[in-house]
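Each chain is listed here by its residues.
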2 protein chains.
Amino acid sequence: MAERLVVVGGDAAGMSAASQARRQRKPGELEIVAFERSHFTSYSACGIPYWVGGTVDGPEALIARSPEEHRARGIDLRMRTEVTELDLDRGRVRARDLDEDGRESWTGFDKLVLATGARPRRPALPGIDAPGVHGVQTLDDGQALLDTLATTGGRRAVVVGAGYIGVEMAEALIDRGYSVTVLDRREQPMSTLDPDMGALVHTAMCGLGIETVRGATVTAVLTDGAGRARAVATEDTEYPADVVVLGMGVRPETALAAAAGLPLGESGGLLTDLGMRVRGQDAVWAGGDCVEVLDLVSGHTRHIALGTHANKHGQVIGANVGGGYATFPGVVGTAVSKVCDLEIARTGLLERHALAAGLQFVTATIESTNHAGYYPGARPMHVKMLAERRTGRLLGTQIVGREGAAKRVDIAAVALTAGMTVEQMTALDLGYAPPFSPVWDPVLVAARKATAAVRAAGA
Amino acid sequence: MAERLVVVGGDAAGMSAASQARRQRKPGELEIVAFERSHFTSYSACGIPYWVGGTVDGPEALIARSPEEHRARGIDLRMRTEVTELDLDRGRVRARDLDEDGRESWTGFDKLVLATGARPRRPALPGIDAPGVHGVQTLDDGQALLDTLATTGGRRAVVVGAGYIGVEMAEALIDRGYSVTVLDRREQPMSTLDPDMGALVHTAMCGLGIETVRGATVTAVLTDGAGRARAVATEDTEYPADVVVLGMGVRPETALAAAAGLPLGESGGLLTDLGMRVRGQDAVWAGGDCVEVLDLVSGHTRHIALGTHANKHGQVIGANVGGGYATFPGVVGTAVSKVCDLEIARTGLLERHALAAGLQFVTATIESTNHAGYYPGARPMHVKMLAERRTGRLLGTQIVGREGAAKRVDIAAVALTAGMTVEQMTALDLGYAPPFSPVWDPVLVAARKATAAVRAAGA
């Protein structure tokens, strides 16, 4: 009789795992049942801001593979079906059919993949669940937000939080003609950067007409007579809002796993081995936004919700579940984003991460241009590097600039992975031609300055 | 008494070395005399095609530091002065003043830096030195070509050679309204790529209206009654030309060094140690387009004329001449270029290089897009990877595509430097957001296919 693989969660990690396992083992050897509680599978959540902003048609364009396509490939996919309990001892999961009066049933498994994703942080504040308050984590979320935008007469949006999602949603709402206020409890926008680099983003956002309020502690969402959100209250004042978007990041969706006694890390994400198998389990794997991953620079595990990691996890899980061999060695913390034409990138540790990891470091920040200064369209690019004291090992890089800034961070991402020192980086043979780079690439300029800083810091 | 440093050649390598040495040692400790035979110092030769094409104003914009600026920093710079002999035994150089009736004089040195650059290949063919035939290596060359364009009535240009310079000059001449024919003796354009990837460039060039003739062996430049170039003859036919541009690459300018008995490599470039000191010499350094550098992938020395290397050499030489310590570990052979909006990049070994180095390899070629397919402006991107058989070590990467293709090769350049395998590369934490990359970056897709090819090749 065929083994049965059960997959909980039908987005990137879960369906990549299912597809990869299917490629390795035939239906007669391995039955694959996948549960997804939403209306969609295998979609790009990262594309939601661009769908909301009208840059991209949706939701179809954001879907890499539909339920029908998965079924055609031999996966027994059960949509709108939510797994409500994991019974690891008896090797079964309980699932509720959300469209059929909540009918529940048990499904046995030989192997289990948990890919339950993440959910937007939603602080326990008065009014936070009112109509008109939206997270943007799933395509269902995106559709709900668009429905609100279509039915709301007003033109004022408040975005709570200034991380990647917050900043991208601010741009999306500007694109839809809203006046946008971003409320951030921190004193700087883009807390995914060091304050000095985040300040560059703040200045640019102001230039785009996005009002950013720093140090704003949200106390409630105020509602109108019909119970709809009408404003966001902070300790100091109120911000009228026809729509409220939550951009405070996400938490791993691991309630099921916790109830089943599976090991969770400090951020609440599942802990796995390098093959993405849940620690202490023989037949349970986990990947995507519900796990913590090893940060190769700090040595800690971290929760990073990002589709590119989820896809890699799925591939690794599918290979291992299917009897092959693959590992996910970890991340260096690369992230890129943009607000209009301002590109924002980082990899490795911020200053506060390095301190938390017990690392002593020097920093170097430079301003250069994306390409040769004399070539048309040269724009400023700021690069900051952190290097470990004494060893000079690269610890992190942040880049803010226009065209060509974001993906330049990949140079540092590879160097971090390889454990290079900033002095080794000064000799990197990077692509040079006037339309693409100054003769000293900005990353090389930063590496040279960081090298000097390491030397100046001495022993 | 102060030591004297003599620098031969006033462009990137020479003047970077002089400037760096000056930063480390005061004029009272180190006198610095630099000789430059042209009218310009410290300029971007790589910018010449854009100047000729009218994209960039010149020549001033291409000059990083003028003779006056160098002099103000304490460098005794002698312009339009050509060094004609190196007398290493007596520690002196003979120089000829090109503006003063060729007056010659000797200058003694304690330390010598050779930065004599390269010269365009110019095959010994009838008519090759006729007016209207131009190389494009120096700003003087660029000015001479522009003078010809300004005084020539016609509109037909022939470019001989389809390397980087040839292709960039073809675009420049198209931009100036010329009809352009590129003659290449090889069967493919862009011999800096493998034939399959070069074919993509060829197709694109045809689309731009550039006529490319492959397998064309030039036999002569035909001249008119006044001795001016009027056509280029091949074995088969004639191509009328109001101007002829030589784009057949360059040779190291090492006649002086050869006459002085200094060691030259297979390409005719000076051979140095890792500190850029000429092998076997105590007090002679060399850098820039006149040297061969260690190719870290093949283990051979190669001649690569590129401003970014020349600047690094200069920094290293200046540090060492000034009593500090620095090395230039070598190159991996990264080069980027463009024809209109087609970006062309490579790093590491081509197939023929790998064979010549005794390496066995597998290849993988993929087509992806520069960013998420659903995000506006997604364009095809082709990536080819070479990986060593058995070990899976990355040997080379070639990329052809539109926006975002060229600098993506830096990912592979760093991976090559670090000695990564293509399987290690599949786990790289590269920047992902829909405007910047598909969820699987094209480089990751290529690495995955190359990994599969390594496995399929087995032992």
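Quantities reported herein were computed from a predicted structural model and do not represent experimental measurements.

Some words on the environment of Ile-304 of chain B
Residues and elements named next belong to chain B.
Right, on to step 1. Relative to the elements of secondary structure, Ile-304 occurs in the loop between β20 (301-302) and α8 (307-321).
Right, on to step 2. Separated by 61 residues in the primary sequence, Ile-304 and Thr-365 have C-alpha atoms spaced 26 Å apart.
Right, on to step 3. Not counting the four nearest positions on each side in its chain, Ile-304 is found in contact with His-309, Val-331 and Gly-333.

Thoughts on the domain arrangement of chain A
Residues and elements named next belong to chain A.
Right, on to step 1. Domain boundaries assigned for chain A yield domain 1 (3-119 + 251-321), domain 2 (122-248) and domain 3 (335-457).
Right, on to step 2. Its C-alpha centre places domain 1 at a distance of 29 Å from the equivalent point of domain 2.
Right, on to step 3. Contact with domain 1, which involves 19 residues of that partner, is made by 15 residues of domain 2.
Right, on to step 4. Both sides of the domain 1 and domain 2 interface together cover about 1,400 Å² of buried area, and 65% of this is carbon and sulfur.
Right, on to step 5. Together, Pro-49, Trp-51 and Val-52 form the three largest contributors to the area buried by domain 1 at its contact with domain 2, with a combined 40%.

Here's the deal with unusual backbone geometry
All names here are of chain A.
Right, on to step 1. In the segment running from Gly-58 into Pro-59, the intervening peptide bond is cis, with an omega of -5°.
Right, on to step 2. Tracing the chain through its elements places Pro-59 in the loop between α2 (48-53) and α3 (67-72).
Right, on to step 3. Look at Arg-390: it is not a glycine, yet its phi comes out positive at around 70°.
Right, on to step 4. If you trace the backbone, Arg-390 turns up in the loop between β24 (380-388) and β25 (394-401).

Some thoughts on the relation of the copies chain B and chain A
Right, on to step 1. For the pair chain B and chain A, the relating rotation is 180°, the translation along its axis is 0.0 Å, and the fit reaches an RMSD of 0.0 Å. Taken together, the rotation angle and the small translation identify this as a two-fold axis.
Right, on to step 2. When the interface residues of chain B are mapped onto chain A, 98% of them again fall at the interface, so both copies present the same face.

Digging into the pattern of salt bridges
All names here are of chain A.
Right, on to step 1. As enumerated under the stated definition, the model contains 58 salt bridges over all chains in all.
Right, on to step 2. Its salt-bridge partner being Arg-122, residue Asp-129 comes within 3.2 Å of it at the nearest N-O pair.
Right, on to step 3. Under the relative-accessibility criterion, Arg-122 is labelled partly exposed at 37%.
Right, on to step 4. A salt bridge links Lys-384 to Asp-194, with the nearest nitrogen and oxygen atoms 3.0 Å apart. In this pair, Lys-384 is assigned in strand β24 and Asp-194 in the loop between β11 (179-183) and α6 (195-207), connecting sequence segments 190 residues apart.
Right, on to step 5. Taking relative accessible area as the criterion, Asp-194 reaches 2% and is therefore assigned buried.
Right, on to step 6. Salt bridges here are not isolated pairs; linked through shared partners, they connect Glu-3, Arg-25, Glu-29 and Lys-111.

Rules used in this analysis
Residues numbered from 1 in each chain as written. Chains lettered and ligands numbered in written order. Predicted model: local features only at pLDDT ≥ 70, side-chain atom pairs only at ≥ 80, totals over all residues. Heavy atoms only, no water. Helix = DSSP H or I, 4+ residues; strand = E, 2+ residues; numbered from the N terminus. Contact = heavy atoms within 4.5 Å. Domains from an automatic or database assignment. Buried area = accessible area lost by both parts, 1.4 Å probe. Least-squares fit on C-alpha atoms with pLDDT ≥ 70 in both. Salt bridge = Lys/Arg side-chain N within 4 Å of Asp/Glu carboxyl O. Buried < 20%, exposed > 50% of the residue type's maximum accessible area, 1.4 Å probe, protein only.

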